Amino acid sequence: MKATIEQLREAVEKAKTIAFFGGAGVSTESGIPDFRSTDGLYNQKYDYPPETMLSHTFFVRHTEEFYRFYRDKMLYLDAKPNAAHQKLAEWEKQGKLNAVITQNIDGLHQMAGSKHVLELHGSVLRNYCTKCRKFYDVTAITGSTGVPKCECGGTIKPDVVLYEESLDNDVMDEAVRCIRDADMLIIGGTSLAVYPAAGLIHYFSGSTLALINQDATPLDERADLVLHDSIGKVFGAL
Ligand code: ZN
């Protein structure tokens, strides 16, 4: 049902273990656009839609074109955490929150101080050699042109889950465990339309499911508290 920030604050105070599940909306308020909300912008500059360019096949077959798009549209290294990132880090320190489960790949939760961050789609801040598995930080991408290469000659790939690739099983298992253990689950900044968001929620059997999203989602009916509002504004007021 529709709720007020005050009702959410009361529920948070009562909760013993909160799990947070976040989507693109958490980062858009830090100035990182959601590439899924294609507005035709990309089409003017690129021959393919973002979903194609961010696929495994495209990475393998058109690596240079992949990196042209990736460097241009996927890296926002000047972005700063917003009120949502900060509040979640604070709750973790207080022992109130067991995990941030995120679909975002920008590392902003860690920048805000969160330790237990389950990155379902990986992170742009980690990169690895597809041949020898050596890890590189993001400067391997930003400090190179064309296709970034490892010292062994192998191609470096972002540690990001591309379309057609499967999610890391260990990360998924841990996300399921944290959602099961929580008595409150807060879902923020995601329409819940895409896998695996919708699936993970079925593991929650706690008392309070809260949804914070600008627009209505398919799960609004099931949630105990629904706020159609800016996630930064809501967390800033908690
Ligand atoms: Zn290598």
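Rules and cut-offs
- Residues numbered from 1 in each chain as written.
- Predicted model: local features only at pLDDT ≥ 70, side-chain atom pairs only at ≥ 80, totals over all residues.
- Heavy atoms only, no water.
- Core = buried A, V, L, I, M, F, W, Y, C linked by side-chain atoms within 4.5 Å.
- Buried < 20%, exposed > 50% of the residue type's maximum accessible area, 1.4 Å probe, protein only.
- Helix = DSSP H or I, 4+ residues; strand = E, 2+ residues; numbered from the N terminus.
- Contact = heavy atoms within 4.5 Å.
- Donors = N, O, S within 2.8 Å, 3.2 Å for Na, K, Ca; no water.
- Tetrahedral: all angles 85-135°; square planar, octahedral: opposite > 155°, others 65-115°.
- Domains from an automatic or database assignment.
- Buried area = accessible area lost by both parts, 1.4 Å probe.
- Salt bridge = Lys/Arg side-chain N within 4 Å of Asp/Glu carboxyl O.
- Nonpolar A, V, L, I, M, F, W, Y, C, P; charged D, E, K, R; others polar.

## Quick notes on the nonpolar core
Argument step 1. Formed by 25 residues in total, the largest nonpolar core has its most connected members in Leu-8, Phe-20, Trp-91, Met-184, Ile-186 and Phe-235.
Argument step 2. Elements supplying a minimum of two residues to this core: helix 1 (5-14), strand 1 (18-22), helix 7 (83-93), strand 2 (97-102), strand 7 (184-188), strand 8 (208-212), strand 9 (225-227) and helix 12 (231-236).
Argument step 3. A total of 4 residues in this core trace back to one element, the largest contributor, which is helix 1.
Argument step 4. In terms of nonpolar packing, the next biggest core, distinct from the first, is built from 24 residues, Leu-192, Ile-201, Leu-209 and Leu-219 among them.

## Regarding the environment of Arg-222
Argument step 1. With respect to the element layout, Arg-222 can be found in the loop between strand 8 and strand 9.
Argument step 2. Sequence separation of Arg-222 and Gly-188 is 34 residues, and the distance between their C-alpha atoms is 15 Å.
Argument step 3. When near neighbours in sequence (up to four residues on either side) are disregarded, Arg-222 contacts Ile-201, His-202 and Leu-209.

## Points about the coordination of the zinc ion
Argument step 1. Cys-129 (SG), Cys-132 (SG), Cys-150 (SG) and Cys-152 (SG) make up the full set of protein donors to the zinc ion, lying at 2.2 to 2.4 Å.
Argument step 2. Coordination at the zinc ion is tetrahedral, judged from the 4 donor atoms that bind it and the angles of 102 to 118 degrees they form at the metal.
Argument step 3. Going along the chain, you hit the donors of the zinc ion in the pattern C-x2-C-x17-C-x1-C. A residue pair is termed long-range when its members are at least 10 positions apart, and Cys-129 in strand 4 (residues 122-129) and Cys-152 in the loop between helix 9 (139-142) and strand 6 (156-160) qualify at 23 residues.

## Comments concerning the domain arrangement of the protein chain
Argument step 1. Taken domain by domain, the protein chain comprises domain 1 (5-32 + 80-121 + 162-236), domain 2 (40-73) and domain 3 (125-160).
Argument step 2. Distance from the C-alpha centre of domain 2 to the C-alpha centre of domain 3: 17 Å.
Argument step 3. Taken together, the contact between domain 2 and domain 3 spans 7 residues of the former and 12 residues of the latter.
Argument step 4. Counting the surface domain 2 buries against domain 3, the share from its top three residues, Tyr-67, Tyr-70 and Arg-71, is 63%.
Argument step 5. In this assembly, domain 2 and domain 3 are joined by 0 salt bridges.
Argument step 6. Of the residues assigned to the side of domain 2 that touches domain 3, the class counts are 4 nonpolar, 1 polar and 2 charged.

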